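Working through the structure, step by step
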Amino acid sequence: MENKVGDEMYSMIRTLYPICRSITGDGVRTTLAEISHHIDINIVEVATGTQVFDWVVPKEWNIRDAYVISPQGEKIIDFKASNLHVLNYSVPINKTISLDELRKHIYTLPDQPEWIPYRTSYYNETWGFCMAHNDYLKLEEGSYEVVIDSDLSAGSLSYGEFFIQGESDDEVLISCHICHPSLCNDNLSGIALSTQLAQQLQGRKLKYSYRFLFIPGTIGSITWLSRNQEKISKIKHGLVVVCVGDEGQFHYKKSKSGDAYIDRAVENVLNHSGHDFGLIDFYPYGYDERQYCSPGINLDVGSLSRSSHGQYDEYHTSKDDLALVSEQALSESLTCYLDVVDVLENDQCYMNLSPMCEPQLGKRGLYRKLGASEGRAFGEMALLWVLNMSDGKTSLLDISNRSGLAFPEIKNAALALKQAELLQ
Ligand code: ZN
């Protein structure tokens, strides 16, 4: 089956996959430059040392190469083969050490002995390597040459922002992290979906304004929130886009209130998506929803994903690769996001203009006739539900939830009734 948007998202992931990203540095800049080939993002640099709430923008990290040479002269760990081999944010090192000392700086996954783990040390200056446990077991006594050609020095933190002005200044926040190196589902799938969503919304007539953030995890959202405090109150609903490319079951992690409008909108969409899904109550860990839902910020932000944070075997390993994500899964995820936007954009309360018993649908050509609006069909039951419940206070989303009929059907029925001058 042809899947143009799925192909586009997958191909963007393939382009971004080799880049060694971190919370700062040229990997992030290259990534933002690639996103800007698709949408005209504003790229912001915030200097090292800038105070952002209780945090400070860290030194900038860049890396050119890293490897370990065995006593036999063989390159046994090579950054150029996989950037996950280096503990992300490693300080530079170039020396010869014993096996015992090397072991103190190596991270492996004994339970997944063929996979390389992804590890970071942003706020504790050290160095290290990550490798497959089976290769680690083969290390022999002797002297090892360890080289990390990196630098950690004053620079800046980079993030990207894309804004679409709608009719209202009320905003919908779409946020994804861009700080993981070669990991596809965790990180790249969110970037690709957010970019595609922005492309599709751009140029549409929209009720809400949409703000897309492409930021390094944690420090990026803290930095943005700290520098844009006057904008926070405009954000009415938000979603953190992560892990949307694997074939796992959908999950929605609710906002802190658990009963925010965005929570009801996403749950409604998932109920009618035809996919199995799980609902997760908010907990103060995971991705940037932690910052958006912190007590002083308190935004209604949830997170719609496939497999959820940390809950899949390949999470933070070299197996979160190009084979874990698929065009099909990406486009199913995008459809869910677009359906949520459809609810946000089109939900409203109507008033039945002929409330004294049922209006006669037959004389208006609406009785026992399957109608269609915007190319989507609706049935007579949808007409009856909308007429019955449109009291000026009950929204189309409420009617969809009450009737068990999908939001688009309720919306299309309402449009037909409006056209027949039965609703306003
Ligand atoms: Zn992660």
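Residues numbered from 1 in each chain as written. Predicted model: local features only at pLDDT ≥ 70, side-chain atom pairs only at ≥ 80, totals over all residues. Heavy atoms only, no water.

Attention now moves to the overall build of the protein chain. Looking only at helices and strands, the protein chain has 13 helices and 20 strands in total. Along the first, second and third principal axes, the C-alpha set of the protein chain runs to 90 × 45 × 35 Å. In the protein chain, 80% of the contacts between residues at least 6 apart in sequence involve partners at least 24 apart. Of the roughly 18,100 Å² that the protein chain leaves accessible, carbon and sulfur atoms contribute 46%. Looking at charge distribution, the protein chain has the averaged site of its 37 positive side-chain charges lying 6 Å from that of its 57 negative ones. (Helix = DSSP H or I, 4+ residues; strand = E, 2+ residues; numbered from the N terminus. Contact = heavy atoms within 4.5 Å. Areas by Shrake-Rupley, 256 points an atom, 1.4 Å probe, with all protein chains shown as cover. Lys, Arg positive; Asp, Glu negative; His and termini not counted. Charge placed at Lys NZ, Arg CZ, Asp CG, Glu CD.)

Moving on, we get to helix α5 (residues 184-201). Under the 1.5 Å per step criterion, the end-to-end length of α5 is 24 Å for 18 residues, consistent within 8% with the ideal 26 Å. Summarising burial for α5: 16 of the 18 residues are buried, a large majority. Positive backbone phi, at 90°, marks Gly203, one or two positions downstream of α5. (Expected span 1.5 Å × (residues − 1). Buried < 20%, exposed > 50% of the residue type's maximum accessible area, 1.4 Å probe, protein only.)

With that settled, consider unusual backbone geometry. The phi torsion at Phe53 lies on the positive side, around 50°, for a residue other than glycine. Here Phe53 shows up in the loop between β2 (51-52) and β3 (55-56). The phi dihedral of Asn187 is positive, around 120°, even though this residue is not glycine. Tracing the chain through its elements places Asn187 in helix α5. Relative accessible area serves as the criterion here: at 1%, Asn187 is assigned to the buried category.

Here we come to the environment of Asp26. Positionally, Asp26 belongs in helix α2 (residues 26-35). Considered as a pair, Asp26 and Leu137 are 111 residues apart in the sequence and their alpha carbons are 34 Å apart. Discounting residues that sit within four places of it in the chain, Asp26 has contacts with Glu60 and Asn62. Among the polar contacts made by the side chain of Asp26, one reaches the side chain of Arg29 at a distance of 2.8 Å. (Polar contact = N/O pair within 3.5 Å; in protein donor to acceptor, adjacent residues only side chain to side chain.)

Attention now moves to the pattern of salt bridges. Taken as a whole and assessed by the stated rule, the structure comprises 20 salt bridges. Lys80 is the partner of Asp65 in a salt bridge, and the nearest nitrogen-oxygen pair spans 3.4 Å. In this pair, Asp65 sits in strand β4 (residues 60-69) while Lys80 sits in the loop between β5 (75-78) and β6 (93-98), placing the two residues 15 residues apart along the sequence. For Lys80, a relative accessible area of 61% gives the class exposed. A salt bridge links Asp281 to Lys254, with the shortest nitrogen-to-oxygen separation between them at 3.6 Å. On the criterion of sequence distance, the pair formed by Asp281 in the loop between β15 (277-280) and α9 (289-292) and Lys254 in the loop between β14 (250-253) and α8 (261-271) is long-range, its members being 27 residues apart. Judged by relative accessible area, Asp281 falls into the exposed class, the value being 55%. (Salt bridge = Lys/Arg side-chain N within 4 Å of Asp/Glu carboxyl O.)

Attention shifts here to the nonpolar core. Among the nonpolar cores identified, the biggest contains 74 residues, and Ile191, Leu197, Leu201, Tyr210, Phe212, Phe214 and Leu417 are the most heavily contacted of them. A per-element tally of this core places helix α10 (residues 327-346) first, with nine residues. For this core, the domains that each give at least three residues are domain 1 (2-58 + 156-346) and domain 3 (349-419). If we skip the residues at most four places from it in the chain, Leu417 touches Leu361, Leu366, Leu383, Val386, Leu387, Leu422 and Leu423. Residues Ile116, Cys130, Tyr159 and Tyr312 belong to the second largest nonpolar core, which totals 59 residues. (Core = buried A, V, L, I, M, F, W, Y, C linked by side-chain atoms within 4.5 Å. Domains from an automatic or database assignment.)

A complete count under the given rule lists seven aromatic pairs for this structure. Ring centres of Phe162 and Phe212 lie 6.1 Å apart, and the angle between their planes is 55°; on these two criteria the pair is classed as tilted. Within this pair, whereas Phe162 is found in strand β10 (residues 156-164), its partner Phe212 is found in strand β12 (residues 209-215), the two being separated by 50 residues in sequence. Pair check on accessibility: Phe162 and Phe212 agree, each one buried. The rings of Trp55, Trp61, Tyr89, Tyr122 and Tyr123 are connected pair by pair, giving a single aromatic cluster. When the ring centre of Tyr283 is taken as reference, the NZ or CZ atom of Lys253 above it lies at 3.7 Å. We note Arg306 situated over the ring of Phe250; from NZ or CZ to the ring centre the distance is 4.1 Å. (Phe/Tyr/Trp six-rings, centres within 6.5 Å; stacked < 30°, edge-to-face > 60°. Lys NZ or Arg CZ within 6 Å of the ring centre and 35° of its normal.)

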